[in-house]
Amino acid sequence: MDAAAAKLIGAGLAMIGAIGAGAGIGIVTSGAVQAMSRNPDVTGTIQTNMILGIAFAEAVAIYCLVVALLILFVF
Amino acid sequence: MSEKVQGGWRYGKARWVVLAAIIFGLFLFTGFFGVGLGIKPIMPHVFLPGENLTEHPMFGIEGLYLTNTLVGLLLADLIVFLLAFGVFRGVQSGKLTLTGFGGAVEALLEALLGITEGTAGKWTKQIFPWFATITLLVLAANWSGLIPGVETIGLVHHYEGHGNELIKVGPFQTIWDNSHAGEEAHGDYAIVPFLRPVSTDLNFTFALAIVAVVMIQVLGFRSQGVGYLKKFFNFGTLFSKPIFGFIDMGVGLLELVSEFSKILSFAFRLFGNMFAGAVLLFVIGSLVPVFAQSLFYLLELFVGLIQAIVFGMLTMVFMSQATQGHGDEHHEGAH
């Protein structure tokens, strides 16, 4: 196989990790929305914690993205 | 309503029809005739590190070049200074309630202060400046990439084996996409933009992350003194409770590792989001030359704001965690 083709396949494979982050963000948001609908008074606190949780879940996807970008543009 | 329309030429409605026709015409032209004539949008070459604008290092220091991301940092700084100046003028005007620009900034900062008070408690005064400064600077840096002309206007530089071909059109020279169906463009020239948003440079995000994590430790020591180290080196229960003491020690060492992984996670989150956003705008712009990019501009506006708030908020939450004691002792007024 030619190296350029291998690079493209590798970058595509690296992004598989985004699956987990997508599921994670969905779970976090679903829990937060349920909590907010049950107790609208604490919406502010829940939102802050929800954004934090999303940021942590998203970080994994971002690592995948960085690896994919490194494969594509650096190596 | 119907009487007004009858027989009347409604300018308001016709305007939208004309606009739609123009956009549709542009689509048709670039889609069918443009590519056939060889006029097609050029996919800019993507460089991961900031590109050097000058041939020689600055001030004669080895390896210190004027990169376009450094110019982007100056732009972001300028935006923050203008923000500060606008608020200063609003305060100088002597009105009790700020209006207009100053009022908008006040509302933003008040929202940030509210979040900080909810989390940090009595350490709000020490933590809020870091939160607000990081959020404002990163927001300015992220959104500076959306200003038209940033990342697009620049000089053609020579890059061996990268980019496109150089051709002459009358008295001018320009780069030219010489690719044919199914193969890549070849050439040695690429446009190096004068400006690039600074958050697409790993050096900036790493520097900001190191500053944030070091200040988290500083605040931890300020609030708890040397006892802050107990969070990492927890040998106190090692001999009194052999099994759980050992687990406590392991947890402490994991905390130590997680402090270092915070730096990586901070830096790569911001860099990854913003760099991917820039590449996304490049790709969409080269696929569909008109209109489609606007939708992704909206997405980038949102991502830039979220990433700025997330960077600031994570710093703030880690700082307030560091100031609150670990384990049994609960400081009063911490919540």
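About the thresholds
- Counting from 1, residues in each chain are numbered in the order their sequence is written.
- Going through the entries in the order they are written, you letter the chains from A and number the ligands from 1.
- Under the rules for a predicted model, residues below a pLDDT of 70 receive no local features and side-chain atom pairs below 80 are neither given nor counted, while totals for whole chains, interfaces and linings still include all residues.
- As a rule here, side-chain values cover all heavy atoms of the structure and leave hydrogens and water aside.
- Numbering of helices and strands starts at the N terminus; helices are DSSP runs of H or I of at least 4 residues and strands are runs of E of at least 2.
- Helix span, expected: 1.5 Å multiplied by one less than the number of residues in the helix.
- Burial classification: accessible surface area is computed with a 1.4 Å probe over protein chains only, and a residue below 20% of its type maximum counts as buried, one above 50% as exposed, and the rest as partly exposed.
- Whether two residues touch is decided by their heavy atoms; if any such pair falls within 4.5 Å, the residues are in contact.
- Each aromatic pair joins two rings of Phe, Tyr and Trp (for Trp, the six-membered one) with centres within 6.5 Å, and gets the label stacked for planes under 30 degrees apart, edge-to-face for over 60, and tilted for any other angle.
- The criterion for a charge sitting over a ring is simple: Lys NZ or Arg CZ within 6 Å of the ring centre, and within 35 degrees of the ring normal.
- In this analysis an axis means a line fitted to C-alpha atoms, helices contributing only their contacting stretch, and an angle means the value between N-to-C directions, from 0 to 180 degrees.
- Small angles under 35 degrees read as roughly parallel and large ones over 145 as roughly antiparallel, with 65 to 115 read as roughly perpendicular and the rest as oblique.
- Salt bridges are defined as contacts in which a side-chain nitrogen from Lys or Arg sits within 4 Å of a carboxyl oxygen from Asp or Glu.

### Description of helix α3 (residues 68-92) of chain B
Residues and elements named next belong to chain B.
No. 1: Here α3 contains 25 residues, and its C-alpha end-to-end distance of 36 Å stays within 8% of the 36 Å for a straight helix at 1.5 Å per residue.
No. 2: Every buried residue belonging to α3 is among Asn 68, Thr 69, Gly 72, Leu 75, Ala 76, Gly 86 and Gly 90, and all of these are buried.
No. 3: Considering only its buried residues, α3 is in contact with α4 (100-120), α5 (124-144) and β4 (189-193).
No. 4: A positive backbone phi angle near 85 degrees is found at Gly 94, which sits one or two residues after α3.

### Re the packing of aromatic side chains
Think of a pair of aromatic rings as described by two things: how far the centres are apart, and how the planes are tilted against each other in angle.
No. 1: Counted by the stated rule, this structure contains 7 aromatic pairs over all chains.
No. 2: An angle of 70 degrees between the planes, with centres 5.1 Å apart, marks the rings of Phe 221 of chain B and Tyr 228 of chain B as edge-to-face.
No. 3: Take Phe 221 of chain B: its relative accessible area is 35%, and that puts it in the partly exposed class.
No. 4: Each ring, one from Phe 266 of chain B and one from Phe 311 of chain B, has its centre 4.8 Å from the other, and the planes form 25 degrees; the classification is stacked. A residue pair is termed long-range when its members are at least 10 positions apart, and Phe 266 of chain B in helix α7 (residues 242-287) and Phe 311 of chain B in helix α8 (residues 292-323) qualify at 45 residues.
No. 5: Given a relative accessible area of 3%, Phe 311 of chain B falls into the buried group.
No. 6: Taken together, the ring pairs connect Phe 56 of chain A together with Phe 266, Phe 311 and Phe 318 of chain B into an aromatic cluster.
No. 7: A cation over a ring is seen here: Lys 262 of chain B above Phe 318 of chain B, with NZ or CZ 4.1 Å from the ring centre.

### Observations regarding the packing of helix α1 (residues 3-14) of chain A against helix α3 (residues 43-73) of chain A
Residues and elements named next belong to chain A.
No. 1: Put simply, α1 and α3 touch, their axes get as near as 8 Å, and they point 175 degrees apart. For the element pair α1 / α3, the angle class is roughly antiparallel. From α1, Lys 7, Leu 8, Gly 10, Ala 11 and Ala 14 reach across to α3, where they touch Cys 64, Val 67, Ala 68, Ile 71 and Leu 72.

### Considering the pattern of salt bridges
Residues and elements named next belong to chain B.
No. 1: Here the structure, examined in full by the defined rule, presents 2 salt bridges over all chains.
No. 2: A salt bridge links Lys 231 to Glu 259; the shortest N-O distance between them is 3.8 Å. Separated by 28 residues along the polypeptide, Lys 231 in the loop between α6 (202-224) and α7 and Glu 259 in helix α7 bring together distant segments of the chain.
No. 3: Under the relative-accessibility criterion, Lys 231 is labelled buried at 15%.
No. 4: The partner of Lys 262 in a salt bridge is Glu 259, with the nearest N and O atoms 2.9 Å apart. Placement of both Lys 262 and Glu 259 in helix α7 is noted, with a separation of 3 residues, approximately one turn of the helix. Each member of the pair, Lys 262 together with Glu 259, is buried.
No. 5: One continuous salt-bridge network, built from bridges that share partners, spans Lys 231, Glu 259 and Lys 262.

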